[in-house]
Amino acid sequence: MRMVLVAAVALIDMDGRVLLAQRPEGKAMAGLWEFPGGKVEPHETPEAALMRELQEELGIDTWASCLAPLSFASHGYDDFHLLMPLFACRKWQGTPRGREGQALKWVRPRDLRDYPMPAADIPLIPVLQDWL
Ligand SMILES: Nc1nc2c([nH]c(=O)n2[C@H]2C[C@H](O)[C@@H](COP(=O)(O)OP(=O)(O)OP(=O)(O)O)O2)c(=O)[nH]1
Ligand SMILES: [Mg+2]
């Protein structure tokens, strides 16, 4: 089974809301709402991967010291096994914009269930709700 390492982040704003991004048309799992992030390249740390993805996908900058390990997802999809560390981040520079055409939404923790997410993300919702 192919193992895919993806780094993801719960960006949390001053009102305690979490940023979700909608996967664009044409990508796998299009239309589902996810935590920003992406695949960790070989020789890249998860933190470095996230900082790169946040710039590419949202146009914001953050720092490794502002990425706090929160939880992780370990989920078997049909064609690969996803291992996804989830970080929490409250401090960044710039305003998140969907630079790849993806819709963004700041969501209150209690409303997270209203947004269809990839199967791997479902167990992360209560973790985030308890923590926030
Ligand atoms: N970013 C992110 N990916 C997730 C989440 N949940 C989940 O199952 N995934 C899966 C979807 C994809 O199979 C994989 C992430 O791949 P991706 O296509 O977004 O990777 P990427 O940003 O590096 O984009 P690309 O360059 O490969 O197109 O992880 C999540 O909450 N956030
Ligand atoms: Mg991505």
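Everything below is about the structure shown above.
In every chain, residue numbers begin from 1 and rise along the written sequence. Written order determines the labels here, with chains lettered from A and ligands numbered from 1. The predicted nature of this model means local features are confined to residues of pLDDT at least 70 and side-chain atom pairs, given and counted, to a pLDDT of 80 or more, with totals for whole chains, interfaces and linings taken over all residues. Side-chain numbers come from the whole structure's heavy atoms, not from hydrogens or water.

*Asks:* What is the right way to look at the sheet that holds strand E4 (residues 37-39) in this model?
*Replies:* Working definition: the strands of a sheet are paired by backbone hydrogen bonds and lie parallel or antiparallel to each other. One requirement defines pairing of two strands: DSSP has to find at least two bridges between them. Helix and strand definitions here come from DSSP, where helices need a minimum of 4 consecutive H or I residues and strands a minimum of 2 consecutive E residues; each element is numbered from the N-terminal end. Judged by pairing direction, the sheet is mixed, and its four strands sit side by side in the order E4-E1-E6-E5 without closing on themselves. Looking at strand neighbours, the two that pair on one side only are E4 and strand E5 (68-76), the edges of this open sheet. Taken pair by pair, the neighbouring strands of this sheet meet at an average axis angle of 20 degrees, ignoring direction. Where E5 meets strand E6 (residues 81-89), eight bridges bridge the pair, whose relative direction is antiparallel. In the strand pairing of E6, Ser 74 is matched with Leu 83. Interaxial angles span 0 to 180 degrees and are taken between N-to-C directions of axes, which are lines fitted to C-alpha atoms, for helices over the stretch in contact.

*Asks:* Got a minute to help me understand the site of ligand 1 in this structure?
*Replies:* Around ligand 1 sit 18 residues, and of these Arg 23, Phe 35, Lys 39, Tyr 77 and Asp 121 come closest. Contact between ligand 1 and Arg 23: an oxygen atom at 3.0 Å from a side-chain N or O atom of the residue. Note that a nitrogen atom of ligand 1 is positioned 2.7 Å from one of the backbone N or O atoms of Phe 35. For accessible areas, the Shrake-Rupley method is used with a probe of radius 1.4 Å. Any residue's cover is judged against the shown protein chains and nothing else. Protein chains bury 82% of the 620 Å² of accessible surface belonging to ligand 1 in isolation. Those elements that provide at least two residues to the shell around ligand 1 are E4, helix H1 (46-58) and E6. Polar here means any residue other than Ala, Val, Leu, Ile, Met, Phe, Trp, Tyr, Cys and Pro, which are nonpolar, and Asp, Glu, Lys and Arg, which are charged; Gly is therefore polar. A breakdown of the residues in the shell around ligand 1 according to their chemical character gives nine nonpolar, two polar and seven charged. A molecule or strand has a residue near it when one of that residue's heavy atoms lies within 4 Å. Polar contact is the term for a pair of N or O atoms within 3.5 Å; when the atoms are in protein, one must be able to donate a hydrogen and the other to accept it, and sequence-neighboring residues count only if both atoms are side-chain atoms.

*Asks:* Would you take a moment to explain the coordination of the magnesium ion (ligand 2) for this structure?
*Replies:* Reference geometry at the metal: tetrahedral coordination by four donors gives ideal angles of 109.5 degrees; octahedral coordination by six donors gives 90 or 180 degrees. The rule for donors is simple: N, O or S, within 2.8 Å of the metal, or within 3.2 Å if the metal is Na, K or Ca. Water isn't counted, so a site may look like it is missing partners. Surrounding the magnesium ion (ligand 2) are the protein donor atoms Gly 37 (O) and Glu 57 (OE), at 2.3 Å. Here the residue Gly 37 occupies a position in strand E4, and Glu 57 occupies one in helix H1, the gap between them amounting to 20 residues. Working definition: with a 1.4 Å probe on protein chains only, accessible area under 20% of the residue-type maximum means buried, over 50% means exposed, and in between means partly exposed. Note on Gly 37: relative accessible area 10%, which makes it buried. The class of Glu 57 is buried, set by a relative accessible area of 7%.

*Asks:* How do you make sense of the pairing of strand E2 (residues 18-22) when you look at a structure like this?
*Replies:* The two faces of a sheet get side chains in turn, since along a regular strand they alternate between them. Counting buried positions along E2 gives four out of five residues, so the element sits mostly inside the fold. Sheet analysis places E2 next to strand E7 (residues 104-107), joined by four bridges and oriented antiparallel. Bridge assignment links Leu 19 to a residue of E7, and that residue is Trp 106. The pairing of E2 with strand E3 (residues 33-34) spans two bridges and is antiparallel. Following the sheet pairing, Ala 21 is matched in E3 by Glu 34.

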